[in-house]
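Each chain, letter by letter, is given below.
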Amino acid sequence: MEPLVTVTIDGRTVQVPKGTLVVEAARQAGIEIPVFCYHPKLKPVGACRMCFVQVEKMPGLVTACTTTVAEGMVVYTTTPPVVKAQNAVIEFLLLNHPLDCPVCDRGGECPLQDNTFKFGLAESRYIEPKRHFIKPVALSPYILLDRERCILCYRCVRFQREIAGDESLTVLDRGDHSEIGLAPGRTFDSPFSGNTIELCPVGALTSTLYRFRARPWDLKSVPSVCTQCGVGCNIQIDVRANTILRLLSRENTPVDDGWLCDRGRFTYRFVHDPARLTRPLRRVNGALQPVSWHEALETVAERIQAIVAAAGPQAVGGLAAPTATNEELYLFQKVLRAVVGTNNIDHTVRPHPPVAPLAYDAVTGSIVGLERARTLVLVDCATRSEQPVLHLRLRKAVANGAQLVLIQSAEPDLWTFPDEPPRRPLWLRPRPGTEAVVVAGLVHLILAQGRENREFVAQRTEGLETLRASAAAFTPERVEAETGVPAALLRRAVDLLLAAPTAAFLYRRDLQGLPSDRLLLAGLYDLALLTGNLGRPGTGLYPLVRHANSQGALDLGVHPRLLPGQRPVTERAGRAALEALWGTPVPAEPGLSGADMIEAALAGRLRALYLLGRDPLADHPDPERVRQALARLDLLIVQDILPSPAMEMAHLVLPGLSFAEKEGTLTSLERRIQRLRPAVVNQTEARSDWRILQDVANRLGGLFLYAGPDEVFAEIARAVPFYAGLTYEALGDKGLQWPATVQQDGAGVDLYADGERRWALLPLETEPKVVR
Amino acid sequence: MKFEPIITRNVGVPDAWEIEVYLARGGYQAVRKALTEYTPDQIIEIVSRANLRGRGGAGFPTGRKWSLIPKNAPQTYLVCNADESEPGTFSNHDLLIWDPHLLIEGMIIGAYAIRATTGFIYLRGEFGLAARRLERALAQARAHGFLGPRILGTEYSLEIYLFRGAGAYICGEETALLESIEGNRPMPRPRPPYYPPAIGLYGKPTAVNNVETLCNVPFIVLNGPEWYLSIGNPPKNPGTKVFSISGLVRRPGNYEAPLGTTLGELIFEYAGGLHEGRRFKAVTPGGTSTPLLTDQHLDVKMDYDSLPAVGTYLGSTGMIVMDDTVCIPCAVHRMSTFYRHESCGKCTPCREGTAWIEQILRRIVTGRGRLADLDLLLDICDNMGGRKTVCALGDFATFPVVSALKYFRDEFEYHIRHNRCPTAGVAVSR
Amino acid sequence: MALLSEKTRAEIQRLTAYFPQRRTALLPALRLAQAEYGYLPPEVVAEVCEIVQVDPNAAEMLITFYDLLYREPVGRYVLGLCRGLACYLLGCDHLLAYLQEKLGIGLNQTTPDGLFTLRTFECLARCDQAPVMLLNGEEYVGHLTPEKLDALLAQWAEEARRPAEPPVTGGEGA
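Procedures and definitions
Residues numbered from 1 in each chain as written. Chains lettered and ligands numbered in written order. Predicted model: local features only at pLDDT ≥ 70, side-chain atom pairs only at ≥ 80, totals over all residues. Heavy atoms only, no water. Helix = DSSP H or I, 4+ residues; strand = E, 2+ residues; numbered from the N terminus. Rg over C-alpha atoms; globule rule 2.2 N^0.38 Å. Buried < 20%, exposed > 50% of the residue type's maximum accessible area, 1.4 Å probe, protein only. Contact = heavy atoms within 4.5 Å. Areas by Shrake-Rupley, 256 points an atom, 1.4 Å probe, with all protein chains shown as cover. Lys, Arg positive; Asp, Glu negative; His and termini not counted. Charge placed at Lys NZ, Arg CZ, Asp CG, Glu CD. Salt bridge = Lys/Arg side-chain N within 4 Å of Asp/Glu carboxyl O. Domains from an automatic or database assignment. Buried area = accessible area lost by both parts, 1.4 Å probe. Polar contact = N/O pair within 3.5 Å; in protein donor to acceptor, adjacent residues only side chain to side chain. Nonpolar A, V, L, I, M, F, W, Y, C, P; charged D, E, K, R; others polar. Axes fitted to C-alpha atoms, helices over the stretch in contact; angles between N-to-C directions. Parallel < 35°, antiparallel > 145°, perpendicular 65-115°, else oblique. Pairing = 2+ DSSP bridges. Core = buried A, V, L, I, M, F, W, Y, C linked by side-chain atoms within 4.5 Å. Right-handed = clockwise from strand over helix to strand, strands pointing away.

## Topic: the overall build of chain A
- Across its full length, chain A carries 24 helices and 32 strands.
- Relative to the globule expectation of 28 Å for 772 residues, the C-alpha radius of gyration of chain A, 29 Å, shows essentially globular dimensions.
- Based on the C-alpha atoms only, the size of chain A along its principal axes is roughly 90 × 70 × 50 Å.
- In chain A, which comprises 772 residues, the share counted as buried stands at 61%.
- Restricting the contact set of chain A to residue pairs at least 6 apart, pairs at least 24 apart contribute 70%.
- On chain A, roughly 28700 Å² of surface is accessible, and the fraction owed to carbon and sulfur atoms is 53%.
- For chain A, the distance from the average position of its 85 positive side-chain charges to the average position of its 86 negative side-chain charges is 1 Å.

This is the structure we're talking about:
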């Protein structure tokens, strides 16, 4: 905690931490100092000269964005010299600024307009010809540049260099001919480019999708959450006439730090896609025909019952997309378990990866906690494309001094920091598929050198000797021979790992789909425990999921072997608790996984398949095999919002709602449960997915009496122990990480912080040599 | 009454840029003395006592600048600003092509004083001959053991890089210069916090010194501060200055003279005065980036403190002399095109103001001015100046305009009232 | 098919390791490439950026900022007339008009035979020899008069037919 400093601004006294900029101190005192180039998340450059203030004992005027507070500083923001300077800067900026307000997207939410109104004069003395550029210029398919409007605050290029870590945008030419631009043939292709639209204080950078579509005061803004990946960035959906016109970021600092990636920002037009499913469909004589909901639901129920009667409940299976809401997923698995009587439920068609034997299958730390990791170990991650805004958080951690250790065969994503000496990550580059051996080698070295965290290992683990014996074979020489990673680099990685007071381990939860996955998972798990990096901010295991609600699917038991609460199906106590809650028996036999369901369908053992959500089969590596499997089914039910390949073979199609049209919750990769809110009203016959499932359940003989998704959520909070106490109200607009019993102050929640459990170290099974 | 040159003693001497000639004329003895007889802190002490002031224009005491470098920093840099671009200034140019070893010698001592093991010479891109001479001199110095590891058998090592610019006046501004070396867009950095002795090249403590400043150092070390304080206008303005005198004088050239020599002496005795039948009208005392002086100021001493007393600055002593055939508004317009072209574009008042000023002056000199333009120009200058910009270019651009309006307002009014220039613009000397 | 010679590419490669930081090599690398190729079209810039490992945008920023880096092709002789105040007082505007007339081109243009490009530069720091010209970005020619220009142009045109020797400038630093 920095010591506090007392500052007086326009007669108001505030206490702020040492090192605070005067412009920030003023904000805290409730005084507005106008800015353009200053932005709290970018390094100050002092370019626009708008934020002048007068400071006692300092000559002339100083810029508030580059001046830090000093004890007893006295600042004035409205003296005549300050006012003259502000008027002058506005006049200078408007000399060549085009009178585009009537046609400029920024009008109505424009800092230049606002500052001119508050801090400028009504007239300009400029009578010379204004500077002209051809406009607009398409920098990319999404971003247009109006160079005449640009006031050269450099926020866009600074964002790209400092935050995004690329130079995908630059400033060309010099002096009053300077312009934002690109090298010939280059496009503004950063996955974070859309943030510059929000950063731009004028209408120089605008969105192609939104251009000329609306005025901000016509828009209705609804808070929601992005559904494009597992990070769960918060967004604002702006709507006019029941149409989504744009998505903006909505800062939830511990999650997204105020940023939004382009995939999240620009992927919403599908909500209004004319191809949206609007009516229930039933296949009659080979063709899908519209039917009423009543007919559709009746058919679903009849045909499921017929199959169960003929071949038993195990002939029925359900696959949900990991983008469905918690309420939908919960009802889905409840229908299949409580009403149909099967555990044939899953949320993926890929093989289930091995999972760390901790209490929960989940990221153990938080996103914001990564800023406190001094060493970050990333194994075969592709955060820049799979969890883009998380990638920015990792860059921030590295900018703050964290050391990166990368274990991957592919070229690293951009990690350079142009304003400081390049912080080269330590890149251990194994042959593809041998990452597991590298990790095992790290375990070996730590034990061989006797550098494990003795206290942590003694108090919180068991099985050290078994692990030691199994790790003996993974000598640096063997690792080098098998993987190509030099022993010296391996040793350096161990040094970096052990030198850090906090280290976090990030990897794809799906791992690699190789036999060596078990070794890889065991190695990472053991590393975290041997080094005592579990349960504290900046430490932990981060199995990164890819989809918006993959974690919710795990938590709610959309899994052949897990019940809600991640309890094994085979465990009596878990089944009993659920049976008590539901008032129905819960099947004890583990069900088929998604991959197995495809095989079972091909073999004729699975006769009915219910698909919930946005194309749950999309991830299967063999689409042709999937098609053949589906063709063999007696009953294929598709509940989705847009056509998918599966629809071609569906017997029944039930139209649901998109993320922007419904209430519901999603659980992000850091275990944060956040609310979706409806921004537009679906005016077709499509229905809420949770209601469809309730109707199906009741027609199958169940007794689901939920009046709304909030009541479903209330039951989830009772079924899942670590969701206990959660309500929609408690989640509010920022969400909460589970377990929600822990006080949440924006610093992130870590699992296993109480240190009460002991964990069994996993032996490193010597695998047959991986063949690639 | 010419002064016996000290800094420029090798200018004009055939092959003075070759190390054999330089050594024969007593070169590199100061390095030997500095490295073997003094500690770094003692060198700073000597230079501080001598009160050597930065010759690039600001006149900041060199010893004080060096003392601001932290003593325990793991990495520090000495950077020589050889980007000479201030219009009217060509003193560094001659030093670089005739006496590159003098600069190298000064740099070795300066780098030693601030414990830097790496130095840079940022050389103006257009200086082709100087680049060849410097490269050759650096190689010769290395071959003779004055650069590289363990210089002259001491523990001190130094490597000097030659970095060539590519044509931008702003790179003479010390923090823009550092940005240029770093491969970035050369725009000045805000201070605070980016004072080079605190955060400089590659973020490390850095001293940026002018060529002429560094060329003074070997003599101060060899002859001592008292000797230096016996020259010029001590105690605050000791030593000599290489004055660049050009424009409408009979003998344009570089003239080394003691600080405190009067304006009149320099123009009439050193540079031979004006051409036949012409009268002295105005001069840019420290390059075009300083307010003009006129025939009222011939007795003013040219040093760092006397000039501010008459409302201008010593600057880089780029003295461009104008006579009574010169139209001041046209000349000022020409100066304004320079600032418009050279503004880097970073900060609003300079970027927009330099262009606006040029546009207004262009209208005036082409006969489309308005009387209101004159006070408008002064107000624009007031809004641009007063250190409200990130670097001094914003102020520099205002000085010719404000001083010309102060002393020659009638000429501007003539242009406006008569819609034409009285002298048709340009006087040619021959 | 590389546009730059192996020698230039190797020298650029050497520079990336020579300075304390890699990016410092970018401007020197662009100068080297231009010294060989004459100017910096995007294809040449791409080669440079690949070796230095920077985004082409970084190079574009520098090329458009600095006066001595050329995006467009230039003639064999780039005549850079100084338009600083001293040269202005000594008649550079007349010389500029003279050259435009004599060569039949405007500012920043190249003669059809590819020999001469006419540019201006800001104060070249050789005011004692005003009016001054910078030849090919490297060599100074001072004390210009129309006669001297006539002689030099003729000499350079003649030289262009014998490419082996470097251009004669008539004295610098003497």
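Having put the structure on the table, let's press on.
## A word on the overall build of chain B
- Summing up its helical and strand segments, chain B has 17 helices and 11 strands in all.
- Relative to a compact globule of 430 residues, whose C-alpha radius of gyration would be 22 Å, chain B shows 22 Å and is just as compact.
- Across its three principal directions, the C-alpha atoms of chain B cover 75 × 45 × 35 Å.
- A burial count over chain B gives 69% of its 430 residues as buried.
- Contacts spanning at least 24 positions in sequence make up 70% of the contacts within chain B whose residues lie at least 6 apart.
- Considering chain B, the positive charge centre built from 46 side chains and the negative charge centre built from 44 side chains are found 3 Å apart.

## A word on the pattern of salt bridges
- All told, the structure shown has 98 salt bridges over all chains when counted by the stated rule.
- Residue Arg468 of chain A is joined to Glu465 of chain A by a salt bridge in which the shortest nitrogen-to-oxygen separation is 3.1 Å. Remark: Glu465 of chain A and Arg468 of chain A occur in helix α14 (residues 464-471); sequence separation between them is three residues, near one turn of the helix.
- Of the residues examined, Arg468 of chain A reaches a relative accessible area of 30% and is grouped as partly exposed.
- Classification of Glu465 of chain A by relative accessible area gives exposed; the value is 51%.
- Notably, a salt bridge pairs Arg189 of chain B with Glu182 of chain B, separated by 2.9 Å at the nearest N-O pair. We note that Arg189 of chain B, like Glu182 of chain B, is buried.
- Beyond isolated ion pairs, a larger network of salt bridges with shared partners links Arg131 and Asp176 of chain A together with Arg340, Arg351, Glu352, Glu358 and Arg362 of chain B.

## Thoughts on the domain arrangement of chain B
Residues and elements named next belong to chain B.
- Each domain of chain B was delimited in the assignment, giving domain 1 (19-230), domain 2 (237-323) and domain 3 (328-418).
- A C-alpha centroid distance of 26 Å is found between domain 1 and domain 2.
- Contact between domain 1 and domain 2 buries roughly 1600 Å² in total, counting both sides, with carbon and sulfur atoms accounting for 50%.
- Of all residues in domain 1, Arg53, Arg55 and Phe90 give up the largest surface area on contact with domain 2, accounting jointly for 33% of the area buried on that side.
- Here domain 1 and domain 2 share two salt bridges between them.
- The closest approach of N and O atoms between Lys241 and Glu212, which form a salt bridge, is 2.9 Å.
- Counting the contacts that link domain 1 with domain 2 gives 16 residue pairs in polar contact (both at pLDDT 80 or more).
- Those elements that place two or more of their residues in the side of domain 1 that touches domain 2 are α5 (91-98) and α10 (225-229).
- Across the side of domain 1 that touches domain 2, the residue classes break down as six nonpolar, eight polar and five charged.

## As for the interface of chain B and chain A
- The interface of chain B with chain A comprises 36 residues on the first partner and 37 residues on the second.
- Summed over both sides, the interface between chain B and chain A buries roughly 3000 Å², with carbon and sulfur atoms accounting for 49% of that surface.
- For the pair chain B and chain A, the interface holds seven salt bridges.
- Between Glu342 of chain B and Arg174 of chain A there is a salt bridge; the shortest N-O distance is 3.2 Å.
- Viewed at the interface, chain A and chain B are joined by 24 residue pairs in polar contact (both at pLDDT 80 or more).
- Those elements that place two or more of their residues in the side of chain B that touches chain A are α13 (328-342), α14 (348-365) and α15 (372-384) of chain B.
- Here the side of chain B that touches chain A gets 10 residues from one element, more than from any other, and that element is α14 of chain B.
- By residue class, the composition of the side of chain B that touches chain A is 15 nonpolar, 10 polar and 11 charged.

## A few points about the domain arrangement of chain A
Residue and element names in this part refer to chain A.
- Split into domains, chain A comes out as domain 1 (4-78), domain 2 (128-272), domain 3 (301-350 + 549-724) and domain 4 (368-538).
- Centre-to-centre separation of domain 3 and domain 4, based on C-alpha positions: 36 Å.
- On the domain 4 side, the residues contacting the four residues of domain 3 number four residues.
- Between domain 3 and domain 4, the buried area comes to about 270 Å², and carbon and sulfur atoms account for 60% of it.
- Counting the surface domain 3 buries against domain 4, the share from its top three residues, Arg350, Leu554 and Leu669, is 82%.
- Along the contact surface separating domain 3 from domain 4 lie zero salt bridges.
- In this assembly, domain 3 and domain 4 are joined by zero residue pairs in polar contact (both at pLDDT 80 or more).
- Of the residues contributing to the side of domain 3 that touches domain 4, the split by class is two nonpolar, no polar and two charged.

## Considering the packing of helix α9 (residues 326-340) of chain A against helix α22 (residues 689-699) of chain A
Residue and element names in this part refer to chain A.
- Orientation of α9 relative to α22, taken along the N-to-C sense of each, is 10°, at an axis distance of 9 Å. The orientation of α9 with respect to α22, classified from their angle, is roughly parallel. Contacts from Glu328, Leu331, Phe332, Val335 and Val339 of α9 reach α22 at Asp689, Trp690, Leu693 and Ala697.
- In the contact of α9 with α22, the residues fall into seven nonpolar, no polar and two charged.

## Considerations on the pairing of strand β4 (residues 206-210) of chain B
Residue and element names in this part refer to chain B.
- The buried fraction of β4 is high, at five of five residues.
- Judged by which residues are buried, β4 turns out to be covered on both faces: Thr206, Val208 and Asn210 on one side and Ala207 and Asn209 on the other are all buried.
- Direction of pairing for strand β1 (residues 77-82) relative to β4: parallel, over a ladder of five bridges. Bridging across to β4, Val79 finds its partner in Val208.

## A short note on the nonpolar core
- Leu376 and Leu506 of chain A, Trp66, Leu103, Ile108 and Phe120 of chain B together with Tyr66 of chain C are the most contacted members of the largest nonpolar core, which totals 260 residues.
- In terms of residue count, the dominant contributor to this core is helix α6 (residues 100-113) of chain B (nine residues).
- What Tyr66 of chain C contacts, discounting residues up to four positions off in sequence, is Arg174 of chain A, Tyr122, Ala166, Gly167, Ala168, Cys171, Ser180 and Pro186 of chain B together with Leu27 of chain C.
- Judged by nonpolar contacts, the second largest core, of 110 residues, contains Tyr330, Leu445, Val696 and Leu726 of chain A.

## As for the sheet that holds strand β6 (residues 137-138) of chain A
All names here are of chain A.
- The three strands lie next to each other as β6-β7-β10, forming an open sheet whose pairing is antiparallel. Among the strands making up the open sheet, the edge pair consists of β6 and β10 (205-207).
- Relative to β10, strand β7 (residues 143-145) runs antiparallel, the two sharing three bridges. In the strand pairing of β10, Leu145 is matched with Leu205.

## A short note on the pairing of strand β27 (residues 635-640) of chain A
Residues and elements named next belong to chain A.
- When you tally the buried positions in β27, you get six out of six residues, the bulk of the element.
- On β27, burial covers both faces: Leu635, Ile637 and Gln639 on one face and Leu636, Val638 and Asp640 on the other are all buried.
- Pairing analysis gives five bridges linking strand β26 (residues 608-612) to β27, with the strands arranged parallel. Along β27, the bridge assignment pairs Leu612 with Gln639.
- In this fold, β26 hands off to helix α21 (residues 623-632), which returns the chain to β27; that crossover is right-handed.

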